[in-house]
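Listed here are the chains, written in short residue letters.
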Amino acid sequence: MKKARSQMAEIRRANLKIWFADKQLPEKDKSFISQLISGKTESFGEKAARRLERDHGIPDLFLDNPNIANTDLSNAKFSGSTISITTANKISHGGQLIAQSEQDGNHKHRIDYLDVRAAAGLVGFENSDYPEIVSSLFLSDEGMLQIIGRKSAAGIKIVNVPTDSMEPTIRKGDWVFLDTNIDYYNGDGVYAFAIDGALFIKRIQKLVGGGYRLHSDNKDYDPQDITDEICQTAKFVGRFIKTIHIDVATL
């Protein structure tokens, strides 16, 4: 148990360093954060991690994610709308770096991350506006074809999903790529949309007798039916394109 707590503290420390690598430390917690990153403060518990995320706009559970640092897709299987990978900051395939967190001449296609609280859960994100962009990923031309399946990144965004309601299609912790150019219902599929200030990622099916059914691919969650009027007044954020499965691995 003590070893597990120590490992989690190191994961949180590394992720905190990554988060603030290109940001100015907030005055409120400047000393505390510096000591956590440097290791001068050895303890880095659940309460401190959640408070830092809440107070400084860090996505929920970002600090606990063991998959932030590096990614290698060399042995990944590309099929349909799913890519299986191990981690999530630098992505390589066939020995070539195809995505990274910094822009350069080869990695010029920018895709912005959206707040992790854009969840797949039924409760959703209680806010009248869509969550703010918190970071970016830059893809090469090859990365666009391998990961996104198209040449342009225009309107493509990433949402991290912290719940299991869309498993196995979207697993807890996965990234969902959304096409925000499709901001309306455009045939059956998986969409991100807001109803009454709650944001959902759900599979929408149009019903023959009128109305729509919201499906969670996880059979432990019951479907929800909505009327034509509710669907028409919903704020559609985008349509699901692809997921990246985040698999924990020891590297």
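Keep in mind that this is a model prediction, so the values were computed, not measured.

To continue, consider the pairing of strand E8 (residues 156-160). With five of five residues buried, E8 is to be regarded as a mostly interior element. With three bridges connecting them, strand E6 (residues 109-114) and E8 associate as parallel partners. When the bridges of E8 are listed, Tyr113 appears paired with Ile158. Across five bridges, E8 lies against strand E9 (residues 175-179) in antiparallel orientation. Along E9, the bridge assignment pairs Val159 with Val176.

The relative placement of two aromatic rings is captured by the distance of their centres and the angle of their planes. Within this structure, the stated rule accounts for four aromatic pairs. Between Tyr185 and Tyr212 the ring centres are 5.0 Å apart and the planes differ by 70 degrees, which places this aromatic pair in the edge-to-face class. Remark: Tyr212 occurs in strand E12 (residues 212-215) and Tyr185 occurs in the loop between E9 and strand E10 (189-195); sequence separation between them is 27 residues. Arranged with centres 5.5 Å apart and planes meeting at 80 degrees, the rings of Tyr191 and Phe236 form a pair that is edge-to-face. On the criterion of sequence distance, the pair formed by Tyr191 in strand E10 and Phe236 in strand E14 (residues 235-246) is long-range, its members being 45 residues apart.

What follows deals with the nonpolar core. Side chains that are nonpolar tend, in soluble globular proteins, to be buried together. Ile111, Leu139, Ile147, Ile148 and Phe177 are the most contacted members of the largest nonpolar core, which has 16 residues in total. Elements supplying a minimum of two residues to this core: strand E5 (96-100), E6, strand E7 (133-139), helix H4 (141-148), E8, E9 and E14. The greatest single-element share of this core, amounting to three residues, is contributed by H4.

Let us look at the pattern of salt bridges. In the structure shown here, the tally under the stated rule is 13 salt bridges. Across the pair Arg13 and Glu10 runs a salt bridge, and its minimum N-O distance is 3.4 Å. Here the residue Arg13 and the residue Glu10 both occupy positions in helix H1 (residues 2-19), the gap between them amounting to three residues, near one helical turn. Accessibility expressed as a relative area gives 44% for Glu10, which makes it partly exposed. A salt bridge links Asp29 to Arg51, with the shortest nitrogen-to-oxygen separation between them at 3.1 Å. Residue Asp29 is found in the loop between H1 and helix H2 (30-38), and its partner Arg51 is found in helix H3 (residues 46-55); the two are separated by 22 residues along the sequence. Taken together, the shared-partner salt bridges connect Lys28, Asp29, Arg51, Arg54 and Asp55 into one network.

Attention now goes to the side chain of His109. In this structure, His109 sits in strand E6. At 2.6 Å, the side chain of His109 and the side chain of Asp141 are in polar contact. Contacts of His109, omitting those with residues within four sequence positions, involve Leu137, Phe138, Leu139, Ser140, Asp141, Met144, Lys151 and Ala153.

Here the bond from Glu167 into Pro168 is cis, since omega is 5 degrees, no more than 30 degrees from zero. Along the polypeptide, Pro168 turns up in the loop between E8 and E9.

With 73% of its residues at a pLDDT of at least 70, the protein reaches an overall mean of 74. A low-confidence stretch, residues 116-134 (pLDDT under 50), is modelled with 67 contacts involving residues beyond four sequence positions or located in other chains.

Looking now at the pairing of E10. A large share of E10 lies buried, amounting to seven of its seven residues. By the alternation rule, side chains of E10 split into Gly189, Tyr191, Phe193 and Ile195 and Val190, Ala192 and Ala194, which are all buried. Pairing of E10 with strand E11 (residues 198-206) involves seven bridges; the strand directions are antiparallel. Within E11, the position partnered with Val190 by the bridge is Arg203. Counting the residues between successive antiparallel strands, the hairpin from E10 to E11 contains two residues, one of them, Asp196, with a positive phi of roughly 55 degrees.

Moving on, we get to the environment of Asp164. Tracing the sequence through the fold places Asp164 in the loop between E8 and E9. Residue classification places Asp164 among the partly exposed positions, given a relative accessible area of 28%. Considered as a pair, Asp164 and Asp174 are 10 residues apart in the sequence and their alpha carbons are 9.7 Å apart. Setting aside chain neighbours within four positions, we find Asp164 in contact with Lys172, Asn218 and Tyr221.

Quick notes on the rules
- Residues numbered from 1 in each chain as written.
- Predicted model: local features only at pLDDT ≥ 70, side-chain atom pairs only at ≥ 80, totals over all residues.
- Heavy atoms only, no water.
- Buried < 20%, exposed > 50% of the residue type's maximum accessible area, 1.4 Å probe, protein only.
- Helix = DSSP H or I, 4+ residues; strand = E, 2+ residues; numbered from the N terminus.
- Pairing = 2+ DSSP bridges.
- Phe/Tyr/Trp six-rings, centres within 6.5 Å; stacked < 30°, edge-to-face > 60°.
- Core = buried A, V, L, I, M, F, W, Y, C linked by side-chain atoms within 4.5 Å.
- Salt bridge = Lys/Arg side-chain N within 4 Å of Asp/Glu carboxyl O.
- Polar contact = N/O pair within 3.5 Å; in protein donor to acceptor, adjacent residues only side chain to side chain.
- Contact = heavy atoms within 4.5 Å.
- pLDDT = per-residue confidence, 0-100.

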